[in-house]
Amino acid sequence: MKRDAHIHSPFCPHGTTDAFELYIEKAIKNGFTDISFTEHAPAPEGFIDTVPTKDSFLNPNLLEPYLVKLQQLKKQYTSDISIHIGLEFDYIEGYEKETAHLLDEIGPTLDDSILSVHFLLFEKKYTCIDFSAESFLHFSEQVGSVEIAYDLYYKTLQKSILADLGPYKPKRIGHPTLIHKFQHAHQMKVDDHASIMSTLHLMKEHRYELDVNSAGLAKEYCREPYPPERYIIVAKELDIPLVFGSDAHRVQDLHQYYEKVYTDS
């Protein structure tokens, strides 16, 4: 089975309008047998997007059209490729009940899902840590240092693994070193080895899959996958299920670096 299980879509508010069919046809051409569209889920009730562009989450009014379109395409391409209908849910500290409610509503309609951390809570305010290098550096100054920002990220990530989000909670953790996205912008050497290892052991203990996410290799200030190759090897040794995801927000990026981060892992 050749699988890409982290793909966005024309419904992504910060993506492109590239049609579903273009993604699907490219996947077929490249020999993929399984793909999952995992659009960003709507925000949990009451959460206000803090990025300036207000485009982190799927508009709730577009959820049904998204699901209906994929159900149609799933049937249309059934003899060519397995299409899984999914969403990428945000773990937002303090919104566990609202997220569990959202999952209870949407979960039964999905084939696949991812749980990711993009927002960190500090002094009762939420910051999207992967929006821009400038916003990350500003956040690091607010919390005290880049090292403290990293520590807060891993603590939040581990809370996501332990959180009770109900029976439809995703079983795959998305891009678990996303905090590295701007590492060549801040140019600080942060030793987060222990945090990554403890996160992987927690994933192993609670039977989570790992999103082997290649998108970081294409980011100017990251230049490595999420997680880096050495931790993909560790995860494999721990028997954590590895699931490749290109995290494509446009057709051009679909399956990016697949051979580098997955088949050699």
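Residues numbered from 1 in each chain as written. Predicted model: local features only at pLDDT ≥ 70, side-chain atom pairs only at ≥ 80, totals over all residues. Heavy atoms only, no water.

A. Fine view of the packing of aromatic side chains. This structure, assessed with the given rule, holds 15 aromatic pairs. Residues F47 and F57 carry aromatic rings whose centres are separated by 5.9 Å and whose planes lie at 75 degrees to one another, so their mutual orientation is edge-to-face. Linking F47 in the loop between β2 (34-40) and α2 (63-76) with F57 in the loop between β2 and α2, this pair joins segments that are 10 residues apart in sequence. Among the aromatic residues, those joined into a ring-pair cluster are F11, F20, Y23, F37 and Y66. The ring of Y208 is capped by K171, whose NZ or CZ atom sits 3.9 Å from the centre of that ring. (Phe/Tyr/Trp six-rings, centres within 6.5 Å; stacked < 30°, edge-to-face > 60°. Helix = DSSP H or I, 4+ residues; strand = E, 2+ residues; numbered from the N terminus. Lys NZ or Arg CZ within 6 Å of the ring centre and 35° of its normal.)

B. Layout of the packing of helix α1 (residues 20-29) against α2. Relative orientation of the contacting elements α1 and α2 amounts to 40 degrees, with a least axis distance of 11 Å. In terms of crossing hand, the pair formed by α1 and α2 is right-handed. Contacts from F20, E21 and I24 in α1 reach Y66, K69, L70 and L73 in α2. (Axes fitted to C-alpha atoms, helices over the stretch in contact; angles between N-to-C directions. Left-handed = near helix turned anticlockwise from the far one by under 90°. Contact = heavy atoms within 4.5 Å.)

C. Up close: the nonpolar core. Counting 75 residues, the largest nonpolar core has I24, I35, F37, I83, F89, Y153 and L200 as its most contacted members. With 8 residues, the top contributor of residues to this core is helix α5 (residues 146-162). The contacts of Y153, once residues within four sequence positions are left out, are V117, L120, I129, H175, P176, T177, L178 and I179. With 8 residues, the next largest nonpolar core counts V51, F57, F119 and Y126 among its residues. (Core = buried A, V, L, I, M, F, W, Y, C linked by side-chain atoms within 4.5 Å. Buried < 20%, exposed > 50% of the residue type's maximum accessible area, 1.4 Å probe, protein only.)

D. A look at the pairing of strand β5 (residues 119-122). Strand direction decides the pairing type here: β5 and strand β6 (residues 125-128), joined by 4 bridges, are antiparallel. Note on β6: the bridge partner recorded for F122 is K125. Between β5 and β6, which pair antiparallel in sequence order, lie 2 residues; one of them, E123, sits at a positive phi of approximately 50 degrees. (Pairing = 2+ DSSP bridges.)

E. Structural view of the pairing of strand β9 (residues 242-245). On β9, burial covers both faces: L242 and F244 on one face and V243 and G245 on the other are all buried. Taking the sense of rotation as the criterion, the β-α-β connection linking strand β8 (residues 209-213), helix α8 (residues 229-237) and β9 turns out right-handed. (Right-handed = clockwise from strand over helix to strand, strands pointing away.)

F. Representation of the pattern of salt bridges within the structure. Throughout the structure, instances matching the rule amount to 9 salt bridges. In this structure, the salt-bridge partner of D111 is K74, at a minimum N-O distance of 2.8 Å. Taken as a pair, D111 in the loop between α3 (96-106) and β4 (112-116) and K74 in helix α2 lie far apart in primary sequence, 37 residues in all. E93 is paired through a salt bridge with K159; the nearest N and O atoms lie 2.7 Å apart. With E93 in the loop between β3 (82-90) and α3 and K159 in helix α5, this pair connects stretches of sequence that are 66 residues apart. Residue classification places K159 among the partly exposed residues on the basis of a relative accessible area of 38%. Each of R3, D112, R172 and E209 takes part in a single network of salt bridges with overlapping partners. (Salt bridge = Lys/Arg side-chain N within 4 Å of Asp/Glu carboxyl O.)

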